[in-house]
Amino acid sequence: MKEKIEQYLREVGQYSETGAEQVEAFRIRFLGKKGLLNDMFEEFKKAAPTDKKELGQMLNTLKSSVQDKINSLKINTGDKGHHLELNDLTLPVDFTEAGTRHPISIVRNQITEIFARMGYTVAEGPEIEDDWHNFTALNFPPDHPARDMQDTFFVEHNKIHGDIALRTHTSSVQVRTMENNAPPIRQIFPGRVYRNEAISARAHCMFHQVEGLYIDKGVSFADLKQALLVFAREMFGGETQIRLRPSYFPFTEPSAEMDISCNICGGKGCNICKGTGWVEVLGCGMVDPNVLENCGIDSKIYSGFAFGIGIERMTMVKYRINDLRLYFENDVRFLQQFEPVY
Ligand code: PHE
């Protein structure tokens, strides 16, 4: 038996074929189920007890030199040597974790779906906008503070289009839609917007909005209020209350901000509603006749309403998230808490 092992050791030492098939044949010859090593170990069992120590060591040396040989041949052929190793096929399959949908996407999809049921279609527009679509067509006076460097990220000044900037709201898409479509218009515009603000738990330099627009003959403020009430109750449950507070936007007249009753503390007061029982979630109003005219729509025939929902704010209320920065940090411990995508 000793001679046989020595002969095999020599054979292994000299073996030099590198072709994948040859290496595999070599592996099977020595390490396969019916291979030489198994035969030798069987023979070993019958060996005289006095020989066992030496023979055992020799067999182990042979086994590891076969394995070393295979590994080195595979490195030479550029094969890192994973799949020729003896794998345990009885091991359970690795559980691959499913990814999760980002909370902003979940809430954006919910908003879109609720308005789709009310007959709104979806449109998108560019994130890099010109002054006309982001400001001028929306009735911003030339010296309006919202055009200030403080709020807007300017990209360049262009001779034809004037200032080019990252859009500060999705109302720019409202303009594009009105320019290119005749009423009736019933559309929502989800998208990312940018403002030059210091980043904190309550403010960020980028966030998401869903703007909505409804233009037809005889659209009134009552229609706006009803659409928003239906939306709020679909989103936050049938008990939800809304309140509209007078506000100002250059592109709507009259304008309002909408609060929903805080569903976290039930109105008793918490850090999200800052103790008031109400959370501001959107701006809205009747589209200013100047805006309709700027976009080629006859304001004597048509009227309409618009609203702009802050998705981050809605998501905060929905999932009780108290820091805006969590949305953009991509910390898996945060993201894993949301519904998996299969
Ligand atoms: N564009 C406004 C904002 O970003 C929101 C708004 C949209 C208000 C439509 C009124 C009508 O704050």
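On a predicted model such as this, the values are computed, not experimentally measured, just so you know.

1. Things to note about the overall build of the protein
When you go through the protein residue by residue, the secondary structure sums to 12 helices and 10 strands. Its C-alpha atoms give the protein a radius of gyration of 35 Å, more than 25% over the compact-globule value 20 Å for 342 residues. Across its three principal axes, the protein shows a C-alpha extent of roughly 110 × 55 × 35 Å. A burial count over the protein gives 43% of its 342 residues as buried. Taking the contacts inside the protein whose residues are at least 6 apart along the sequence as the reference set, 66% of them involve residues at least 24 apart. Accessible area of the protein: about 19000 Å², with a carbon and sulfur share of 51%.

2. Remarks on the layout of surface pockets
For the largest pocket, the calculated volume is near 1000 Å³. Around the largest pocket sit 42 residues that line it, and R195, F207, Q209, E280 and G310 are the ones nearest its centre. Listing elements by their share of the lining of the largest pocket, those giving two or more residues are β6 (206-216), β7 (242-249), β8 (252-261), β9 (278-287), β10 (303-310) and α10 (311-319). Of all the elements, β9 adds the most residues to the lining of the largest pocket, at six residues. Counted by class, the lining of the largest pocket contains 19 nonpolar, 14 polar and nine charged residues.

3. Thoughts on the site of the ligand
Neighbouring residues of the ligand: 13 residues in total, closest H169, S171, R195, Q209 and E211. S171 has a polar side-chain atom sitting 3.0 Å from a nitrogen atom of the ligand. In this structure, an oxygen atom belonging to the ligand sits 2.9 Å away from a side-chain N or O atom of R195. Look at the ligand: alone it shows 320 Å² of surface, and the protein chains cover 90% of it. Structurally, the ligand is housed in the largest pocket. Considering each element in turn, the shell around the ligand owes the most residues, three residues, to β10. Residue classes in the shell around the ligand are distributed as five nonpolar, six polar and two charged.

4. Looking at the domain arrangement of the protein
By domain assignment, the protein separates into domain 1 (2-83) and domain 2 (103-335). Between the C-alpha centres of domain 1 and domain 2 there is a distance of 72 Å.

5. Thoughts on the packing of helix α1 (residues 2-14) against helix α3 (residues 36-45)
Look at α1 against α3: their axes get within 12 Å of each other, and the N-to-C directions meet at 160 degrees. Overall, the two elements α1 and α3 adopt an arrangement that is roughly antiparallel. Handedness of the crossing formed by α1 with α3: left-handed. Together, K4, I5 and Y8 of α1 and L36, M40 and E43 of α3 make up the contact between the two elements. Of the residues contributing to the contact of α1 with α3, the split by class is four nonpolar, no polar and two charged.

6. Considering the pattern of salt bridges
For the coordinates displayed, the defined rule picks out 14 salt bridges. Residue K4 pairs with E43 through a salt bridge whose shortest N-O separation is 3.1 Å. Residue K4 is located in helix α1, and its partner E43 is located in helix α3; the two are separated by 39 residues in the primary sequence. Here D259 ties to R243 by a salt bridge, and the two come within 2.8 Å at their closest N and O atoms. Taken as a pair, D259 in strand β8 and R243 in strand β7 lie far apart in primary sequence, 16 residues in all. You can call D259 buried: its relative accessible area is 3%. Classification of R243 as partly exposed rests on a relative accessible area of 33%. One continuous salt-bridge network, built from bridges that share partners, spans R243, R245, E257, D259 and E280.

Cut-offs applied
- Residues numbered from 1 in each chain as written.
- Predicted model: local features only at pLDDT ≥ 70, side-chain atom pairs only at ≥ 80, totals over all residues.
- Heavy atoms only, no water.
- Helix = DSSP H or I, 4+ residues; strand = E, 2+ residues; numbered from the N terminus.
- Rg over C-alpha atoms; globule rule 2.2 N^0.38 Å.
- Buried < 20%, exposed > 50% of the residue type's maximum accessible area, 1.4 Å probe, protein only.
- Contact = heavy atoms within 4.5 Å.
- Areas by Shrake-Rupley, 256 points an atom, 1.4 Å probe, with all protein chains shown as cover.
- 1 Å grid on protein atoms, 1.4 Å probe; cavity = no way out; pocket = protein on both sides within 12 Å on 5 of 7 lines; lining within 4 Å.
- Points joined across faces, edges and corners; volume = space filled by probe spheres on them.
- Nonpolar A, V, L, I, M, F, W, Y, C, P; charged D, E, K, R; others polar.
- Near = heavy atom within 4 Å.
- Polar contact = N/O pair within 3.5 Å; in protein donor to acceptor, adjacent residues only side chain to side chain.
- Sits in = over half its atoms within 2 Å of the grid points.
- Domains from an automatic or database assignment.
- Axes fitted to C-alpha atoms, helices over the stretch in contact; angles between N-to-C directions.
- Parallel < 35°, antiparallel > 145°, perpendicular 65-115°, else oblique.
- Left-handed = near helix turned anticlockwise from the far one by under 90°.
- Salt bridge = Lys/Arg side-chain N within 4 Å of Asp/Glu carboxyl O.

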